[in-house]
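# Structural overview
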2 protein chains.
Amino acid sequence: MNEGDTFRPDQDRPGVEAAPDTDGAVSLHELENSLGFLLRISQVRAYERFYAAFDEIGLRPGEFSVMWVILRNPGVRQGLLAETLGIKPAQMTKMIRRLEVQDRIRRVIPDDDRRSVRLYLTEGGEAFVRDHRDAFFGHDDYHNHGLSDAECRQLAHLLRRYSGVGRKADD
Amino acid sequence: MNEGDTFRPDQDRPGVEAAPDTDGAVSLHELENSLGFLLRISQVRAYERFYAAFDEIGLRPGEFSVMWVILRNPGVRQGLLAETLGIKPAQMTKMIRRLEVQDRIRRVIPDDDRRSVRLYLTEGGEAFVRDHRDAFFGHDDYHNHGLSDAECRQLAHLLRRYSGVGRKADD
DNA sequence: TTTAAATTGTTTCCGAGTAAAGAATTTCGT
DNA sequence: ACGAAATTCTTTACTCGGAAACAATTTAAA
C-alpha cells in the first residue's frame, strides 16, 4: 500500500521521529522581517478586501486601474498603458477585450500608425469610474486595515520608493 | 474585414477621435496613493528580484519560506503550515511533493492521527537552508531596492500591521 | 525602391494557483 | 458500539497570467 499508488517516493510511513513541534502556533522568526514575504501576504489581504467589495459588481482587480489611467490619459497607447501598470501585453489584450465587450472602453487604430491601439473610455466607462471612484480609492473604504491616515501615507511612500513607481524621486 | 474575424465587436476602425494624449509619460494620479496598486507593483518587483537571484538554483518563491518554517518548527502539521503562510491546501500539496522529490523534506504520518502529515527537513534540506539563508534574508542581498535599513524596518512594520501577520499587536 | 529589421499587438500554449469534489481517518452523538 | 459529522489531505477540473511564436505595420538599410 505504500509503493504503488500514484507516485510517492517512499517515505510517509508512520513514524516515531523527532518529537513534533508542539502545535498551536507556528513561529516565523526572520520571515516576519522579510519584505518579500510580507509583500506577498499583504497582497493576498488586499485581494481579499478588493473582492469583498467589488466582486458583486463583477469588477476584477486590474480593471479599475486600467479604466482610471485611460480616463486620465485619453488616447493612451495600449502598450504604454501595459508597461505603466506592470501588466504583460498578452494579459492586457485580454483585459482590453473584456472591457470593450462591456462597452466601457473604445479601441481606436490611428491612421498615422496602424500597428498601435489607442484607448478611450466610453460614456458608460466614464460613468462607471465616476460611480466607483470613491469606493476604490478609499474615501469611502473597503480598506479594513487598521492603519491611520498618516500610516497609510507613510506606507504608500515607502512602497513607491521600494517599487520605483512614479520615478521623480518621490517626495 | 472588420466583422467576421475572430470576435471583435465593431469598433477599432481607424478613427479621427479626440486627439490622443501626448505620449511619452502616463500619469497615474490618485493611483500613486492606492495601497492595492502599490502592493501589486511592489510584489512584481520583489518577484523579479527573487528570480534574478534564485532562478539559477531552481528555487521557487514559496519554497524557501516553507523550508524555513519547517526548520524552525520541525514536525509542523502541513495544514497549519499552509494556513500560516497563506498558501492554499491544494497548492501546498504540490509544493510539498516537489520538495520531497528533491529530498529536502520528509513527510511523516503520525500514529496518533493518521489523516495528518508532519513535516521535517532532511539533512540536505537543512544544509540548503543554511547555505542560502543569508542570501534570502538579505544580509547578503538581492534586494536592490534603494531603501535604508531604517526604512526597511519601517516598511516591514507597516506591512505587518496592514496584513495582520504575527498578530500580537506587532511592536 | 526594395528588402531587412524593429515595433506593436494578438494568438497559442503552458504552468501556477484554486475551488470543489473525493478519500481516509477521527470525533461526536445517541 | 455504531453511524453521522468533522477534520485533514489529495485529486480533478478550471481560470488567470505569462512566454514564445506569430501577424501586421512601420522604419531603417542597402
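Everything that follows concerns the structure shown earlier in this document.
Residues numbered from 1 in each chain as written. Chains lettered and ligands numbered in written order. Predicted model: local features only at pLDDT ≥ 70, side-chain atom pairs only at ≥ 80, totals over all residues. Heavy atoms only, no water.

Scanning chain A for helices and strands turns up six helices and three strands. In chain A, the succession of helices and strands from N to C terminus is α-α-β-α-α-β-β-α-α. Residue burial in chain A is summarised as follows: out of 171 residues, 44% are buried. When the accessible surface of chain A is summed, it comes to about 9,100 Å², and 47% of that surface belongs to carbon and sulfur atoms. (Helix = DSSP H or I, 4+ residues; strand = E, 2+ residues; numbered from the N terminus. Buried < 20%, exposed > 50% of the residue type's maximum accessible area, 1.4 Å probe, protein only. Areas by Shrake-Rupley, 256 points an atom, 1.4 Å probe, with all protein chains shown as cover.)

It is worth spelling out the protein's contact with DNA strand D at this point. For DNA strand D, the set of nearby residues contains 21 residues, the closest of which are Gln91 of chain A together with Gln78, Thr93, Arg97 and Arg107 of chain B. Within the side chain of Arg107 of chain B, a nitrogen or oxygen atom sits 2.6 Å from a phosphate oxygen of DNA strand D. With respect to DNA strand D, the backbone of Val117 of chain B contributes an N or O atom lying 3.0 Å from a phosphate oxygen. Mapped by element, the contributors of at least two residues to the surface near DNA strand D are helix H4 (89–101) of chain A together with helix H3 (78–85) and helix H4 (89–101) of chain B. (Near = heavy atom within 4 Å. Polar contact = N/O pair within 3.5 Å; in protein donor to acceptor, adjacent residues only side chain to side chain.)

All names here are of chain B. Spatial strand order, S1-S3-S2: three strands in an open sheet with antiparallel pairing. In the strand order of this sheet, the two ends are held by strand S1 (76–77) and strand S2 (105–108), each with one partner. Where S2 and strand S3 (residues 118–121) come together, four bridges link them in antiparallel fashion. When the sheet's bridge partners are listed, Arg107 is paired in S3 with Leu119. Where H4 meets the sheet, its contacts fall on S2 and S3, and the angle it forms with S2 comes to roughly 115°. (Pairing = 2+ DSSP bridges. Contact = heavy atoms within 4.5 Å. Axes fitted to C-alpha atoms, helices over the stretch in contact; angles between N-to-C directions.)

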